[in-house]
Structures are given as structure tokens and as C-alpha cells.
Amino acid sequence: MANETTLTLVGNLTADPELRYTPAGAALCKFSVASTPRMYDKATNQWKDGDPLFMNCSAWRDLAENIAESLVRGSRVVVTGRLKLNRWTTPEGENRQAMQLDVEDIGASLRYATAQVKKMSRTNSGAGGSVPAAAGEPDPWASGGNFGGNEEPSF
């Protein structure tokens, strides 16, 4: 969609991601990220925490399953997505609204940690899921630099 507000947020997961499935079988993962700015106070010569931002996030399908399998409370992440305003009316008739991030991509922040990445390979089981690539299975992305018999890529 045009004119959507995209946002990249760096912070920590406030709880373990919650994975659910819709009646149609699509995976949905919900989680919250806390991002706290740090500011240097020249008067005291110390770093201070600013006001934290808590952002509710949601991801769908394979991304949702990968998040639930990979991340836990406290994980430092870099999240990119579309900012969305949700509006609803409570049973008491009060109008409410809240911002949410529809996650397009997420990764572990490696500023204070290391990670071991496992590639997922698609299966044609009809379930829409992914499984880790089996040992000895050829990696379709590891072409070994062979770009059509030429050592240089065509781009």
C-alpha cells in the first residue's frame, strides 16, 4: 500500500512471543518490544534512561512461527514494519485506540550478543510451513560463485 508509515525499532522483548493459529490455519505471533532511549546529562556527567516506548507487534505465517521458535523474553531485536492504528469500542461504549507494528522483518540485535543462524527450506506439504535444511541437502543460495560459467556476476 502507498503512503504507509514504516518504522524500525530497536529494543527488548517484554515477554515470550505468543503464537496462535487462526481457524484457517494461519500462524499469528504477538509480542511487545520496549525501547528506552539513553541520553547524556552534561550537568551530572552521566547517562540517563529516557521514557520507554512499548510497541505491540504482530507477525503472520512463517515469520510468526520463526519468531516464536527463535526469540524469548529479553531478546534484543531490530524490528521493521508498518505502523497501524487500531480503533475499537469497549463493551461500556468507550472509544479506544492503540498503535501496533505489523512486522515485515525482525532480527536479533548483535550489538551485545551473538547468534547462530539456521536457514529454513520450504516444504510443499501444503501446510505453508518451513523446516530447517537437512544436513547434506544442497543449499540453493550457495552457488559457489558460478554465475553461468562466468566468475563475475552479470550485474
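Note that the coordinates shown come from a computational prediction; the quantities given were computed from them, not determined experimentally.

*Asks:* Quick rundown of the environment of serine 70? Include the residues and the values.
*Replies:* Structurally, serine 70 can be placed in helix 1 (residues 61-70). When its relative accessible area of 55% is taken as the criterion, serine 70 is described as exposed. When the C-alpha atoms of serine 70 and alanine 108 are compared, they prove to be 9.1 Å apart, with 38 residues separating the residues in sequence.

*Asks:* So what's going on with the nonpolar core? Which residues, and what values?
*Replies:* In this structure, Phe31, Val33 and Ile106 are the most contacted members of the largest nonpolar core, which totals 17 residues. Listed by contribution, the elements that provide at least two residues to this core are strand 1 (6-13), strand 3 (27-35), strand 6 (53-60), helix 1, strand 7 (76-89) and strand 8 (95-108). Top element by residues in this core is strand 3. It accounts for four residues. Those residues in contact with valine 33, other than ones at most four positions away along the chain, are Leu9, Gly11, Asn12, Leu13, Thr14, Leu53, Phe54, Met55, Cys57, Val77 and Val79.

*Asks:* Can you explain the side chain of serine 32? Please cite residues and give values.
*Replies:* Examined against the element boundaries, serine 32 turns out to sit in strand 3. A relative accessible area of 14% means that serine 32 is categorised as buried. In this structure serine 32 touches Asn12, Leu13, Thr14, Phe54, Met55 and Asn56, once residues within four positions along its chain are discounted.

*Asks:* Account for the pattern of salt bridges, naming residues and giving values.
*Replies:* Enumeration over the complete set of coordinates arrives at six salt bridges. For lysine 48, the salt bridge goes to aspartate 41, with nearest N and O atoms at 2.9 Å. Residue lysine 48 is classed as partly exposed on the basis of its relative accessible area of 39%. Each of Glu4, Arg82 and Glu104 takes part in a single network of salt bridges with overlapping partners.

*Asks:* Summarise the pairing of strand 1; cite the residues concerned and give the values.
*Replies:* Each regular strand shows side chains that alternate between the opposite faces of the sheet. As defined by bridge partners, strand 1 adjoins strand 7 across seven bridges and the pair is classed as antiparallel. In the sheet register, glycine 11 faces strand 7, and the bridge partner there is valine 77. Relative to strand 3, strand 1 runs antiparallel, the two being bridged by two bridges. When the bridges of strand 3 are listed, asparagine 12 appears paired with alanine 34.

*Asks:* So what's going on with the pairing of strand 7? Residues and values would help.
*Replies:* As paired strands, strand 7 and strand 8 are joined by 13 bridges and run antiparallel to one another. Counted as the bridge partner of arginine 82 is aspartate 102 from strand 8. As consecutive antiparallel partners, strand 7 and strand 8 are separated by five residues, and within that stretch glycine 93 has a phi angle of approximately 90°, a positive value.

Definitions and limits used
- Residues numbered from 1 in each chain as written.
- Predicted model: local features only at pLDDT ≥ 70, side-chain atom pairs only at ≥ 80, totals over all residues.
- Heavy atoms only, no water.
- Helix = DSSP H or I, 4+ residues; strand = E, 2+ residues; numbered from the N terminus.
- Buried < 20%, exposed > 50% of the residue type's maximum accessible area, 1.4 Å probe, protein only.
- Core = buried A, V, L, I, M, F, W, Y, C linked by side-chain atoms within 4.5 Å.
- Contact = heavy atoms within 4.5 Å.
- Salt bridge = Lys/Arg side-chain N within 4 Å of Asp/Glu carboxyl O.
- Pairing = 2+ DSSP bridges.

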